[in-house]
Amino acid sequence: MKYEHLIFSMEDNIALITFNRPKKLNALNSELLDEFTGALDQIKRDENIRVLILTGAGDKAFVAGADIKEISACNTLSARLFAEKGQHVIGKLQGLSIPAIAAVNGYALGGGCEIVLACDFAYASETAMLGLPEITLGIIPGFGGTQRLARLIGTARAKEMIFTGNMISAGKALEYGIINKVLAPELLLDEVKKTAKIIESMGKVSLRAAKEVINIGMNADLDTGLALEAGAFAICMAGEDAREGTSAFLEKRKPVFKGGFRG
Ligand code: CAA
């Protein structure tokens, strides 16, 4: 697939998607959302891709939200279809079996913040500002923000952000647990890549199992989550990676994970 509004690149087994409409602060129009869906499908099909990093082109924005020009022309039906399109692609991102990390290099507003919320975790530059300013446009977040933000930081903080539309700094987002680290802008992508590289070296079966169990377990009761965990733990134990990882520890060497299953 050819991409016009995003850049898709690979480094070793790590995929990098850069939202690329810098003149519009990487705002999400329908074409960009379609390309994002295509890129995620491409990643899903490629077993060699082990980690995904998302960032924005330019030094101002990660993504400044859904394209307001496009939204402004929506009627009730097209607005619903647009929200469903955004929710679908962001759901696809969250449902990826590989880890996805956001490198938040500037404004992450509206749909941009909603992308961050669907990643497994995020690092941000000191200059980043995050928020769900939809209320200032007379609308509400439509790509999952009301649901994922409240679940992540609690309803009171989410309501304050959504009702006021105020942006928060990277430091505040760190305090709220929306991002994991704040970095100088010039260090951000390298630091995300370093973490991605560590993750990439782990067993792909156990990584996928860990992500799946956490994601499903977070929407289930504790007993269901624990049962899922025990089952996935047992499946990991049947894999070559478990033999390699435990043997390497006992033999005092570094493991080399290949991700196969015992015959
Ligand atoms: N949609 C479309 N265009 C956008 C945009 C957006 N979300 N955000 C910025 N742009 C455009 C601006 O219109 C401007 O284009 P022109 O040069 O052609 O005029 C260009 O990007 C640069 O933006 P500014 O001149 O506004 O830059 P600034 O530095 O003065 O301000 C900003 C930066 C505070 C991020 C400001 O651009 C802003 O408030 N943007 C809108 C943020 C927003 O409300 N996002 C939510 C969108 S709705 C949504 O996302 C719904 C949902 O849940 C899916």
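Parameters and conventions
Residues numbered from 1 in each chain as written. Predicted model: local features only at pLDDT ≥ 70, side-chain atom pairs only at ≥ 80, totals over all residues. Heavy atoms only, no water. Buried < 20%, exposed > 50% of the residue type's maximum accessible area, 1.4 Å probe, protein only. Helix = DSSP H or I, 4+ residues; strand = E, 2+ residues; numbered from the N terminus. Pairing = 2+ DSSP bridges. Axes fitted to C-alpha atoms, helices over the stretch in contact; angles between N-to-C directions. Core = buried A, V, L, I, M, F, W, Y, C linked by side-chain atoms within 4.5 Å. Contact = heavy atoms within 4.5 Å.

(A) Representation of the pairing of strand β3 (residues 51-56) within the structure. Taking burial as the measure, the six residues of β3 include six buried ones, the bulk of the element. Burial along β3 is two-sided: the face carrying Val51, Ile53 and Thr55 and the face carrying Leu52, Leu54 and Gly56 are both buried. By the bridge criterion, six bridges tie strand β2 (residues 14-19) to β3 in an arrangement that is parallel. Across the sheet, Thr18 pairs through a bridge with Thr55, a residue of β3. Summarising the sheet, β3 and strand β5 (residues 100-104) pair through three bridges and their orientation is parallel. From the neighbouring strand, Leu54 faces β5, where its bridge partner is Ala102.

(B) Main features of the environment of Leu40. Mapped onto the secondary structure, Leu40 falls in helix α1 (residues 30-45). On the basis of relative accessibility, which here comes to 0%, the residue Leu40 falls in the buried class. Taking the C-alpha atoms as reference points, Leu40 and Ile90, separated by 50 residues in sequence, lie 9.8 Å from one another.

(C) View of the sheet that holds β3. Here six strands make up an open sheet; going across it, the order is β1-β2-β3-β5-β7-β10 and the pairing mixed. Sheet topology places β1 (6-11) and β10 (181-183) at the edges, where each strand pairs with a single neighbour. Sheet twist, expressed as the mean angle between neighbouring strand axes with direction ignored, is 20°. Note that β1 and β2 share six bridges and pair antiparallel. The residue of β2 that forms the bridge with Ser9 is Leu16.

(D) The arrangement of the nonpolar core in detail. Core analysis: the biggest nonpolar cluster contains 53 residues, and Ile17, Leu52, Leu93 and Ile178 have the highest contact counts within it. Per-element tally for this core: the top contributor is α1, with six residues. If we skip the residues at most four places from it in the chain, Ile178 touches Val116, Leu117, Ala122, Leu130, Leu149, Leu152, Ile153, Ile168 and Ala173.

These values are about where atoms sit, not about what they do.
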